[in-house]
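# Breakdown of the fold
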Amino acid sequence: MSTLLPLLLLASSLIPGLIIFFLNEEQVRLRITLNMAGAIIKLALVLLMVWGVYHGQSYEARLPLLPGLELALHADALALLFVVLSSVLWLVTTVYAIGYLEDSPNRSRFFGFFSLCVTATVGVALSDNLITFLLFYELLTLSTYPLIIHRGTEVARKAAKVYLFYTLVGGALLLLATVWLYTVAGTLSFTPKGFLAGIDPQHHNVLVAIFVLLIAGFGVKAAIIPLHGWLPKAMVAAAPVSALLHAVAVVKAGAFGIVRVIHEVYGVAFASSLGLLMPLALLAAATIIYGSIRALYQDDLKRRLAYSTISQVSYIILGSAIAGPVAAIGGIVHLVHQGLMKITLFFCAGNLAETLGIHKISEMNGVGRRMPWTMAAFTLAALGMIGVPPLAGFISKWYLGVGALEADQGWVIWILMGSSVLNAAYFLPILHAAWFKPPSPVWPAERHFGNKETAWALLLPPLITALFSLATGLFANTEFSPLQWAIFISALEFKP
Amino acid sequence: MLGLSAAIATAIASVALYLQLLDNGPLRYAVGGWGAPLGIELYADGLSVLMLLMSALVGLGVSLYALRYFKHDAQPAGFWPLWLMMWTGLNALFLASDIFNLYVTLELIGLSAVALVALAGNRHALSGAMRYLLVSLLASLCYLLGVVLLYHAFGTVDIQLLGMAMKASPASYAALGLMVGGLLLKSALFPFHFWLPPAHASAPTPVSALLSALVVKASFYLLLRLWFDVFPAANVDFGWLLGTLGALAILWGSVQALRQSRLKMLIAYSTVAQLGYLFIPFALLSPQAWQGGIYFVLSHALAKAAMFMAAGNILKFSGHDRITDLDRIAQRLPITMTAFCLAGVSLMGLPPSGGFIAKWLMLDAALTHQQWMWALVMIVGGLLAAAYVFKVVGYAFTKADVQDNKPAESIPALMEWAPLALAVTAILLGLNANYPMALLSIGNPLAGVSP
Amino acid sequence: MSQEILYALAGVGLFVLGLHGLIVYAHLLRKILALNIMGSGVFLVLIALGRRSAVADPVPDAMVITGIVVTVSATALALVLLLRLKEMTGHTDLEQNDRHHEQ
């Protein structure tokens, strides 16, 4: 069972996905059943795995690749954090996507690739060495491309081309770095505290170069500047895609990769001694500020959220780059919190687009009265992003701030405060307009759903994720909160 | 049907030989009891059997495809005898143990290949075939002259004996130059690649698949044998030259592929580019690079055959293969497009696939000895391959302006599944390379490399 | 022995002449003939240099015979292709063919 479970986890989305490819467009019921069944089974398996690990079980699966190299999956604490996040969010997004894409063409193709994406994300999470990570990372690129180009328009094709260019170049850099690292270190397995500290000092220059390549490769997906160019363009995809992938799977995979590199390839102490972490922290800080500033100028709602994502994902990187246990907690827990909050925001944006034809913020006046529940979820998530207690975002920022002080990096506090101010600056006007401004007499493209504000499938997911963002903040000190988990992970890395 | 049974029988025989090799190590067999030097001896080691199995796999796939492809055309009469003759030549080449016999097999392969190209009957095919024939004959004659010189200098044509007797001398240099030159012509290494795109692109689809996948590999195999078994003692190191030409091939071929407006020409130029990868290990210092090279031969054979067959489906379905108009067709042939995409994954060297393993091994070899240029070329090559693969794939998703509702000729299932099977195999090759590696090491064929 | 060297050189000379012809002449028939001359050159070299000892060596003879057979088949194929090409396009060289194709 201990080998089987990781593989089953992958299979739970891979097999439905492959079957869905062969379904006709009209086989709606079967497709929905497969999708939901896959998502539910995956969540169940994940919870089983968490329970098992909590009780001391170890789950791993290995496949030899070449003499000396193997594909390895292993459920450690960090992996589980990401896997749980992905599975929960996949479930809600599946519900949302089914509602969103009702009656649109090529749904079988969409859901097939959708399932492949999740398989790849789970694989990324569970990877136990850099080459397995690389494999699933590239798989993620390949399976997200069809989703971006799905609508088939010229705009979609161009956006997908840009996406491909960025991610494939990133992937090429990663490949180069991985092979190089293998020739220098002889192993690629993720080890707590890293496995490079013992390398002969004459190779240190090489290790610095490899680090740069690795960060660049992962940084493309994590949208660090100046590698972020693909993200706003990719917003042309349908809302479920933007939500899950660009708020959760793809960007988080990049950030996750950086966290793994810092903590389990180089080790924080070693990376710090090579002088690698300070430049990274500065870059992350620059991204945070840049993303927020660009967000201010966007009128298109999804684009504003995209730039917000660019900014927020760098919190995670900043957390690890500050090289302190508390900061690391902040960064790692933000992986979860940001995912929950951002996906809520994207779900709501999708609702506004689908129900009322709203794509721009300037069209959002008074929408709070027409779609109160959607905007309530949006409000909660937005306040969380700004960092209002007791929402989840506050917790992450608090730990980042305290961690920065503890690591003598006081300048980070300014960045955090500045970013919160900017977040407020680009979120509060939206909330004000939605709730307090009078609505325009006619919405751009209204659809009616009886006397509900919108379809259940579109309404429930954002409500659920918004509640989660509230809960993870409110109950952060209970035993199973993401925060406690992050504290546990950080302790593993930093305890002597 | 007879042709297919012959194909299956050949495939089974190859597997049987493989199993025997595992038990007994390298095998040597004198045909009809006549030993060298007048008789013909056959020699099988890990590398030969790997090549045989590759031909068997690809050959089987293409045979199944061809069964359906030629059903409606007037060409079938010529295909099967010629293809089986070519296969015979290929197998004989992989098992040959003296360089004159290799000349004969080279000619056999070359002549049947030319005739196969000409089967298509149209002017492009005929002129492509003619050019191919002239080049092929020129190349073989150069090779033969080299054989002659070697025989004169050392009194034998047996590969093993030659290897032992070899020493540096004007005769061996001349022979080396002639033979390598001829084989490079046949392997279409830049700048000797000019004959390949017209021939491969205008041939009937199963023929294109076989040519790109197998025939060009045959001359490459020969080069390897010469490099490792015959010429090491002559102490000439021009590996860097071959590697440089290989790098140029990768870059030039990929760029040309991007400029094509017809699918089959794009795939043919892709072959030119991918063949460049095969020559990079000559310039790398690590023996591990050769494992990568051979793995590349394997994965490319499978992936390229799959790709050509997919292109053939598209061509048959719609009557043309213009890339920009693919969207009206590609969406109606999902299995074909999947085969194409999977084959593309291997060509790009993305995991998981045989192409990735090959690339990994070669990159590892390059970086271990700090040979940056080669590593960089391979990385850039991968990105360029991605560019031309996705150029095609992108059109599989876009919305056509005019929905082409003309009832197109439907493609029989076998013709869609054969490329898919080969493409999937290329992917699977990426998932446990230990077995092929182990096979490769039987008989230590790659041991003669000079560091 | 000098006689053999003479023949060998003649063979090489034929080879080079043939190569020149192959490259320079555009007419396909001439190319085919050039290839034949190259082939004859190689065989000449083979016979001339093949003698290694006082006893006549059968191996080069065997090789030459095989070679001749191969060359004959190759030439036959080439001529058939040439005829089909002429029938189909009216041209007897590849360059004109290409130009026509590009129009």
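Residues numbered from 1 in each chain as written. Chains lettered and ligands numbered in written order. Predicted model: local features only at pLDDT ≥ 70, side-chain atom pairs only at ≥ 80, totals over all residues. Heavy atoms only, no water.

Further remarks concern the overall build of chain A. Counting its regular elements, chain A contains 19 helices and two strands. Relative to the globule expectation of 23 Å for 496 residues, the C-alpha radius of gyration of chain A, 21 Å, shows essentially globular dimensions. C-alpha atoms of chain A, sized along the principal axes, occupy 70 × 50 × 45 Å. Within chain A, buried positions represent 64% of all 496 residues. Sequence-distant contacts in chain A: of pairs separated by 6 or more residues, those separated by 24 or more amount to 79%. If you sum the accessible surface of chain A, you get close to 16,900 Å²; carbon and sulfur atoms cover 69% of it. Taking the average location of the 28 positive side-chain charges in chain A and that of its 22 negative ones, the two points are 8 Å from each other. (Helix = DSSP H or I, 4+ residues; strand = E, 2+ residues; numbered from the N terminus. Rg over C-alpha atoms; globule rule 2.2 N^0.38 Å. Buried < 20%, exposed > 50% of the residue type's maximum accessible area, 1.4 Å probe, protein only. Contact = heavy atoms within 4.5 Å. Areas by Shrake-Rupley, 256 points an atom, 1.4 Å probe, with all protein chains shown as cover. Lys, Arg positive; Asp, Glu negative; His and termini not counted. Charge placed at Lys NZ, Arg CZ, Asp CG, Glu CD.)

Residue and element names in this part refer to chain B. With 87% of its residues at a pLDDT of 70 or more, chain B shows a mean pLDDT of 80. Mean pLDDT values for the elements of chain B range from 66 in strand β1 (residues 27–30) up to 89 in helix α11 (residues 263–279). Among the prediction metrics, the complex's ipTM stands at 0.88, with pTM recorded as 0.87. (pLDDT = per-residue confidence, 0-100.)

A separate point is the pattern of salt bridges. Residue and element names in this part refer to chain A. For the structure shown, the criterion picks out seven salt bridges over all chains. The partner of Asp128 in a salt bridge is Arg62, with the nearest N and O atoms 3.2 Å apart. Residue Asp128 is located in the loop between α4 (107–126) and α5 (130–148), and its partner Arg62 is located in strand β1 (residues 60–66); the two are separated by 66 residues in the primary sequence. Lys158 is the salt-bridge partner of Glu154, the closest N and O atoms lying 3.5 Å from each other. With Glu154 and Lys158 both in helix α6 (residues 154–185) and four residues apart, this pair spans about one turn of that helix. The network of salt bridges with shared partners includes Glu60, Arg62, Glu70 and Asp128. (Salt bridge = Lys/Arg side-chain N within 4 Å of Asp/Glu carboxyl O.)

Our focus in this paragraph is the layout of surface pockets. All names here are of chain A. Here the second largest pocket defines a volume of roughly 1,000 Å³. Every residue lining the second largest pocket is counted, 38 residues in all, and those nearest its centre are Val50, Leu81, Phe480, Ser481 and Trp485. Of all the secondary structure elements, the ones that give two or more residues to the lining of the second largest pocket are α2 (28–54), α3 (77–100), α9 (239–266), α13 (325–356), α18 (456–474) and α19 (482–494). Grouping the constituent residues of the lining of the second largest pocket by class yields 26 nonpolar, six polar and six charged. (1 Å grid on protein atoms, 1.4 Å probe; cavity = no way out; pocket = protein on both sides within 12 Å on 5 of 7 lines; lining within 4 Å. Points joined across faces, edges and corners; volume = space filled by probe spheres on them. Nonpolar A, V, L, I, M, F, W, Y, C, P; charged D, E, K, R; others polar.)

Each partner contributes to the interface: chain A provides 33 residues, whereas chain B provides 32 residues. The junction of chain A with chain B conceals about 3,000 Å² of combined surface from both sides, 80% of it contributed by carbon and sulfur atoms. For the pair chain A and chain B, the number of links is zero residue pairs in polar contact (both at pLDDT 80 or more). If you list the elements that add at least two residues to the side of chain A that touches chain B, you get β1, β2 (69–74), α4, α5 and α6 of chain A. Ranked by the residues each element gives to the side of chain A that touches chain B, the list is headed by α6(A), at 12 residues. Per-class residue counts for the side of chain A that touches chain B are 26 nonpolar, three polar and four charged. (Buried area = accessible area lost by both parts, 1.4 Å probe. Polar contact = N/O pair within 3.5 Å; in protein donor to acceptor, adjacent residues only side chain to side chain.)

It is worth spelling out the packing of aromatic side chains at this point. Tallied over the entire structure, the rule returns 35 aromatic pairs over all chains. Centroid distance A:Phe110 to A:Phe111: 5.4 Å. Interplanar angle 85°. Geometry classified as edge-to-face. Side by side, A:Phe110 and A:Phe111 carry an identical accessibility label, which is buried. Ring geometry for B:Phe220 and B:Phe282: centres 6.5 Å apart, planes at 85°, overall edge-to-face. (Phe/Tyr/Trp six-rings, centres within 6.5 Å; stacked < 30°, edge-to-face > 60°.)

Residue and element names in this part refer to chain A. Together, Leu14, Ile15, Leu18 and Ile19 line one region of the surface with nonpolar side chains, adding up to about 310 Å² of accessible area. Among the structural elements, Ile19 can be located in helix α1 (residues 4–21). By relative accessible area, Ile19 is classed as partly exposed at 39%. (Patch = residues over 30% accessible without salt bridge, like charges linked within 9 Å, V, L, I, M, F, W, Y side chains within 5 Å.)

Residue and element names in this part refer to chain B. Two elements in contact, α11 and helix α16 (residues 372–395), have axes separated by 11 Å at closest approach and are oriented at 165°. Relative to α16, the element α11 is oriented roughly antiparallel. In the crossing of α11 with α16, the sense of the turn from one axis to the other is left-handed. Between α11 and α16, the residues in contact are Leu263, Leu266, Ser270, Gln274 and Tyr277 and Met378, Gly381, Gly382, Ala385, Tyr388 and Val392, respectively. In terms of residue class, the contact of α11 with α16 is made up of seven nonpolar, four polar and no charged. (Axes fitted to C-alpha atoms, helices over the stretch in contact; angles between N-to-C directions. Parallel < 35°, antiparallel > 145°, perpendicular 65-115°, else oblique. Left-handed = near helix turned anticlockwise from the far one by under 90°.)

Below, the discussion takes up the side chain of B:Ser187. Residue and element names in this part refer to chain B. Along the chain, Ser187 falls in helix α7 (residues 170–187). Among the polar contacts made by the side chain of Ser187, one reaches the side chain of Ser219 at a distance of 3.0 Å. Setting aside anything within four residues of it in sequence, one finds Ser187 in contact with Val216, Ser219, Phe220, Leu275 and Phe279.

With that settled, the discussion passes to the interface of chain B and chain C. At the junction of the two partners, chain B supplies 35 residues and chain C supplies 40 residues. For the pairing of chain B and chain C, the buried interface totals around 3,300 Å² over both sides, and the portion due to carbon and sulfur atoms is 82%. A per-residue breakdown of the area chain B buries against chain C is headed by B:Arg123, B:Met130 and B:Tyr151, which together make up 20% of the total. Counting the contacts that link chain B with chain C gives zero salt bridges. On the surface where chain B and chain C come into contact, there are zero residue pairs in polar contact (both at pLDDT 80 or more). Contributions of two or more residues to the side of chain B that touches chain C are made by α4 (99–118) and α5 (123–154) of chain B. In terms of residue count, α5(B) provides more of the side of chain B that touches chain C than any other element does, 21 residues in total.

This paragraph deals with the state of the cysteines. All told, the structure shown has zero disulfides over all chains when counted by the stated rule. The cysteine A:Cys117 is free of any disulfide, with B:Cys341 supplying the nearest cysteine sulfur at 14 Å. Classification of A:Cys117 as buried rests on a relative accessible area of 1%. By relative accessible area, which is 27% here, B:Cys341 ends up partly exposed. (Disulfide = S-S within 2.5 Å.)

As a further point, take the nonpolar core. Counting residues in hydrophobic clusters, the biggest one holds 405 residues, and the most contacted among them are A:Leu207, A:Tyr266, B:Phe79, B:Ile99, B:Tyr143, B:Leu150 and B:Trp360. At 21 residues, the largest contribution of residues to this core is made by α5(B). Leave out the neighbours within four places in its chain, and B:Tyr143 touches B:Ile99, B:Leu102, B:Tyr103, B:Leu106, B:Leu178, B:Met179, B:Leu183, B:Leu222 and B:Leu226. (Core = buried A, V, L, I, M, F, W, Y, C linked by side-chain atoms within 4.5 Å.)

All names here are of chain A. Between its terminal C-alpha atoms helix α15 (residues 372–386) stretches 21 Å, which fits the 21 Å expected from 15 residues at 1.5 Å a residue. Among the residues making up α15, those that are buried are Thr374, Met375, Ala377, Phe378, Thr379, Ala381, Ala382, Gly384, Met385 and Ile386. For α15, the secondary structure elements touched by its buried residues are α12 (301–321), α13, α14 (367–370), α16 (392–406), α17 (411–436) and α18. Following α15 by one or two positions, Gly387 has its phi on the positive side, about 110°. (Expected span 1.5 Å × (residues − 1).)

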